[in-house]
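# Close look at the chain arrangement
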Amino acid sequence: MNQPKVGVVGVTCRFESGGQRAEELINGVKNALSSQGLEVVCADKVAWDAADAVDVCRQFKKEDLDALVIVEVTWIMDSMQYIFMNELQIPTIFWAVPYTETFSIGCVQHFGSILKGQGIEYEYVYGLPEDEAPAGRVKAAAQASQIIRAVKGMRLALVGPRQTWRVAGPQDMSAEEWEFSKKFGVTLIHIEMSEITEGADKISDEEAEKTLNCLSKRTGKVLADKETMLYMAKVYLSTKKVIERYSLDAMAAECYPMYSGLMNLTSSWLADEGMIVDTEGDIGHTMVMYMLNLAAKGGACALGEVGSMDDVNNILALAHEGSTAHSLAESIDKVQISPSGEKGTFVGVPLKGMESVTVSSIVGNRGQYKLLVEKADVEAATHEEWVEGGEKLLVKLHVSGKASQVVNTLMEKGMDHHLLVKEGDYTDVMSLLCKFMGIEKVTFC
């Protein structure tokens, strides 16, 4: 994605003091946001009244904005701000300035109470343009809005079985799929696993061999036999064709109990090419991985589940059969490809140490969703710990509190067992995403 694009408008009133600062404040805000890497579009005029507000809305509708920043230069009537909210229908950040006589922060609180009463979320910042915190908060809000827009245009494939009977609802799609699409805007596309396997069967050994030779440069130690690896290359090529055919942004594929290990290596290879292939048939977590990758502008997520708890060192050991990107290991020589199922594999990865990670998970239905948004760090696992953990995925997630209490909290809040781990701290962006989308934010505490 490009940098988020924000519109900036100053609002004021001829009957209040402080309006003379409008141009200076707008220029300062523009420079502060530009220094954060945002694309800034300033209103052609300061909005002194409703007519000016209508003109600015007309201008901004042509700009395809991700978010709107309204600088509260003075107290203004809430009916004027309503025009911006109702006409533009985009996440809005109110910027309050610290001049007592303007009642700027009071105006934000007043209008904010109205928005809350209407079930409309917003964000606000307080300070002068030269203060660092307000511009950084605006950037996080704009990034969250940009991710929301991208998710609304997302095509996510569910590969594998689904209900084809009905009692009092849909037939080919479940009611839950309809609810999920309505909430997040994701378009779900049903694909049979046979489309991938039959496609793989049509690929020659020669083509698979050539592909495998290219992939060997970024593939770890291989314990699976040659025949299995050739088939993995065929599945990889077939999956890429399916992705291209349906113009997919991500894929959630069946893996258990049928097709065990079939998509693991393909998932790992494609993750390092920027494509998410979840191996759990897990639509929700596939979408959240997409969100995290957008927030980070690339990279891959690890998906695991708690295998053990260490209350002495505050470590949650996360494990998974193994489909994590090779790039999340300290080096490629620490990655191991082992046989799994009839003709599949799993990717053994001891996750590298990371100073800061974002941990996430999603659960919900009927439009009511909870999203875990937390930060932690990852300690590098030793070879012995990885072997003891089954030579699959191992993540030593170091949390700030007692490990068992973290699990207790997640259970009490009804969170799913899958945990996503993304390098970097994106908790601000993900928290604002929850706010704008009406999702309950869950933490470890």
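Here, the structure is the one placed above.
Okay, so let's go over this structure. Bear in mind the structure is a predicted one, so any value in this text is a computation, not a measurement. (Residues numbered from 1 in each chain as written. Predicted model: local features only at pLDDT ≥ 70, side-chain atom pairs only at ≥ 80, totals over all residues. Heavy atoms only, no water.)

### Remarks on the state of the cysteines
With the rule as written, the count across this model stands at zero disulfides. C13 carries a free sulfur, and the closest cysteine sulfur to it, the one in C107, is 9.7 Å from it. The exposure class of C13 is buried, given its relative accessible area of 17%. Note on C255: no disulfide assigned, nearest cysteine sulfur contributed by C301 at a separation of 17 Å. Owing to a relative accessible area of 17%, C255 belongs among the buried residues under this scheme. (Disulfide = S-S within 2.5 Å. Buried < 20%, exposed > 50% of the residue type's maximum accessible area, 1.4 Å probe, protein only.)

### Things to note about the pairing of strand 9 (residues 250-253)
Of the two faces of strand 9, the one lined by A250 and A252 and the one lined by M251 and A253 are each fully buried. Pairing geometry for strand 6 (residues 155-159) and strand 9, over four bridges, is parallel. Paired with A157 across the strands is M251, a residue of strand 9. As defined by bridge partners, strand 9 adjoins strand 10 (residues 276-278) across three bridges and the pair is classed as parallel. Within strand 10, the residue paired with M251 across the bridge is V277. At this point the chain moves from strand 9, through helix 10 (residues 264-271), to the parallel strand 10, and the crossover so formed is right-handed. (Helix = DSSP H or I, 4+ residues; strand = E, 2+ residues; numbered from the N terminus. Pairing = 2+ DSSP bridges. Right-handed = clockwise from strand over helix to strand, strands pointing away.)

### Here we look at helix 8 (residues 205-215)
Of the positions making up helix 8, those classed as buried are A208, T211, L212 and L215. An end-on view of helix 8 places all buried positions within 100° of arc, on one side of the element. Of the exposed residues in helix 8, the ones pointing more than 90 degrees away from its buried face are E206, K210 and C214. Buried positions along helix 8 lie against helix 9 (226-246) and helix 10. (Arc of directions from axis to C-beta. Contact = heavy atoms within 4.5 Å.)

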